[in-house]
Structures are given as C-alpha cells and as structure tokens.
Amino acid sequence: MTHAPQIRIPATYMRGGTSKGVFFGLDDLPEAAQQPGPARDALLLRVIGSPDPYGKHTDGMGGATSSTSKTVILSKSDSPDHDVNYLFGQVSIDKPFIDWSGNCGNLTAAVGAFAIERGLIDPERIPENGYCTVRIWQANIEKTIIAHIPITDGAVQETGDFELDGVTFPAAEIRIEFMNPADGGGAIFPTGNLVDALEVPGVGTFEATMINAGIPTIFVNAEDIGYTGTELQGAINEDARALEMFETIRAHGGVRMGLFEDVAEAANRQHTPKIAFVAPPKGYTASSGKAVKAEDIDVLVRALSMGKLHHAMMGTAAVAIATAAAIPGTLVNLAAGGGDRNAVHFGHPSGTLRVGAEAKQVDGAWTVEKAIMSRSARVLMEGWVRVPGDAF
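Note that the structure is predicted; figures quoted are calculated from it, not measured. One numbering rule holds for all chains: residues counted from 1, following each sequence as written. The model is predicted, so local features are restricted to residues of pLDDT at least 70 and side-chain atom pairs to those at 80 or more, both for listing and for counting; the totals for chains, interfaces and linings are taken over all residues. Water and hydrogen atoms were dropped before computing side-chain values, which therefore reflect all heavy atoms in the structure.

For the rest of this paragraph, the subject is the pattern of salt bridges. We define a salt bridge as a side-chain nitrogen of Lys or Arg found within 4 Å of a carboxyl oxygen belonging to Asp or Glu. Enumeration according to the criterion identifies 12 salt bridges in this entry. Notably, a salt bridge pairs Asp83 with Arg125, separated by 2.5 Å at the nearest N-O pair. Separated by 42 residues along the polypeptide, Asp83 in the loop between β3 (70-76) and β4 (84-91) and Arg125 in the loop between α2 (105-117) and β6 (130-138) bring together distant segments of the chain. Each of Asp27, Asp28 and Arg118 takes part in one network of salt bridges that share partners. To qualify as a helix, a DSSP run of H or I must reach at least 4 residues; to qualify as a strand, a run of E must reach at least 2; elements of each kind are numbered from the N terminus.

Written out as structure tokens, the structure reads:
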C-alpha cells in the first residue's frame, strides 16, 4: 500500500494579543494553496487539525478554542500606501470550514512584527531604535490598519513590561490604529438606528445596538437576557441552552443587519457577526483571580466568538466597543454612563482593557476616523509545519 509522505511548509507560530495562530508567507504555500479555494482551505484545516470531533486539535496546531484556531497569510503589497496584505482565516473546530468574512484584531498585533522579520518591509524604514510604522491592508474587510512596532538594536522588540489581561506574561507594547473601521465600507449602523427593537422568536423582543465597526457586532443589555455582565466563561459555555439562545439572537440580528438572507445562513458564517452583552460597572473577580473594581471601569462587556464566550475580548470587537461607546445613545454608551467620550475602559472575563475611538457626525451620519488600542505579540515557534501530502 502506498502512503503519501508529509510535506513541510515554512511557518511561524505567533501570539498576537489574546490569540495565537499559524502565520504563512503567501509564496511559501504550495502552489495549489496560493489562490483562494478548496485546496487552500483543506491545507489550513489540516494544519490546525480540523474538523476534530473530539474538540481537542490533538493532531494539529490549533488550540481547540476560537482564540487559538486561526491562520494568517501575508504577502508584500503592490500598493504604495501599504506595506503588506493581511488575510485572516478563522478555522472551525468541529466543521470542515474556514470563515474568511472578517478580521482578527488580536492577531493584527503580530502582523507587523512578522512582516518585518519576514523581510516584507523596506530595511530603510526600520529604525535602529524606536518604532517602525507598518501599513497593513486587511484583505478580508478591505481596510487600512497602522501598527507601530517597537524596535531595539534594529530588531523587533518582543519583551517588555506591558501587561495585557488575558495574557500570562508581559511583553512589548504595540500600538494599533484601525482606520475608518466601518466594516466593508458600509454604514456604521446598517439599520439606520442607534438602537433597534430586535424580535427573536422563542427568546423575546429587546433593545439592540447593531454596529458595523471593526467587525459587525450585536450589543444587547445583559439584564434583558437574564445576565449581570460579570459572567465568566463557565456560566455561558457550560450552558447549552444559553449558547443556543445567543446563536439564535446572532442569527436574527445578522438578518436585520443585512448579513444573511435568512437565519439558516448563520451556520455557515460563524465568525461574523459577533454577539455581546453590556451592563453598567460592577465589581467582580476575573478568571485569573484578579479583583476588578466597579470604580476602575466604565462598562462591562462580554462577547461570544465562534459560538462560545470569549475568555477576554476579541480585538475587532474591542473596536466595535470603542466606536459604540463614542457615539451617544448606543447601548454601550448608555451602559457606560452616556455622553461624549473618546475612550472607554471596559471589564471582560479576564480583566480590563482601555480602547479609544474618534467619532463625529457628518451630514447627519456617524463616522469614525479611527479606533486605537494597545496589544502585544511574540513569536512562539518558527520553522516548518508538516502535513500529509494528500491533505489538499
């Protein structure tokens, strides 16, 4: 019997923010996978170890959570306004499916560092010490992101004293600017309203802010769905009925936002939109055991990703939070106390995060010039991944 040998593909395993994933240079992929399509998807599924009915990713590089089941493909940009093209794939854990519909804001923090170390940035633009500005074209949502990468002695600085709740060890701070973050170039509020009455059969009718910034996100009030906003992962992820409720809300909200023709389409688009719930500040104990005081935060936010409550906060959802908080009258803004603000400090399951956004009204419509946050990134391993030659 003939067996296909394994092939090896250059790859780098990186943490970015509170996520980690496998990074590839486009021209390092096998020729069949250098173009979008079934061959590329099959290859990346095998790299991650999906679909895995055991939910462990034992036979791949994934970590069996939405935060660790991720892939990135980078290439040098042909545009004079950008340095690199960044394509993100969210890999389903239990289905043979990769969602290419959105960005990963957390892994964005690692894109600039990977681009520099991969030789995709002109060496003349890399200072001996200071910051290298990397202009990223986010190909999934066709948006510009600016990353400011710390440089020491001509190389990317990865270690430092910047602490990020949801990440165990400190590292160097990376500042990220999401320019004009309304996803896909559409209206920030697809329904035309800051708050809508969202009717969800079998669940109820309640207020929702449906926003299109960073990533399409549906915000609801925690108390309207029976929560306090201080919940940790176990309270949601170990409750099958709760997960079903959130998925039902997400599906109906996606239809209202114009993302789906009908609710059945939601099953094939797990990455977007996100569903989140908000509440005014309350004290709670984070998953690390850290005490979060009500007076130290502006608002509580919990968000689900790929059908599970996220252990911290997705970077793209943080952009949506910053944008919604900056616009008076949204549920996020109201939960944070209302009024004008250009930054918000929110509590999530792992701790807290501060994000900012610059919003203004132009001819009666809200626009956001950019959203800003800090993250960190680090190379975990580099070399080659191996996959069976007949896997794609």
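There's more to say after this.
A separate point is unusual backbone geometry. The step from Ser50 to Pro51 runs through a cis peptide bond, and the omega angle for that step is -5°. Looking at the secondary structure, you find Pro51 in the loop between α1 (38-48) and β3. At the junction of Thr272 and Pro273, the peptide bond is cis and its omega measures out at -5° in the coordinates. Non-glycine residue His57 carries a positive phi angle of around 55°. At Asn180, a residue that is not glycine, the phi angle is positive and equals roughly 40°. As for its placement among the helices and strands, Asn180 is situated in the loop between β9 (174-179) and β10 (196-200).

This paragraph deals with the packing of aromatic side chains. Each aromatic pair joins two rings of Phe, Tyr and Trp (for Trp, the six-membered one) with centres within 6.5 Å, and gets the label stacked for planes under 30 degrees apart, edge-to-face for over 60, and tilted for any other angle. As enumerated under the stated definition, the model contains four aromatic pairs in all. Relative to Phe246, the ring of Tyr227 lies with its centre 5.8 Å away and its plane at 20°, an arrangement referred to as stacked. Note that Tyr227 is positioned in the loop between β12 (215-221) and α3 (233-237) and Phe246 in helix α4 (residues 240-256), a separation of 19 residues in sequence. Chaining the aromatic ring pairs together yields one cluster made of Tyr227, Phe246 and Phe277. Whether a charge sits over a ring comes down to the Lys NZ or Arg CZ being within 6 Å of the ring centre and within 35 degrees of the ring normal. Seen from the ring of Trp384, Arg8 lies directly overhead, with NZ or CZ sitting 4.0 Å from the centre.

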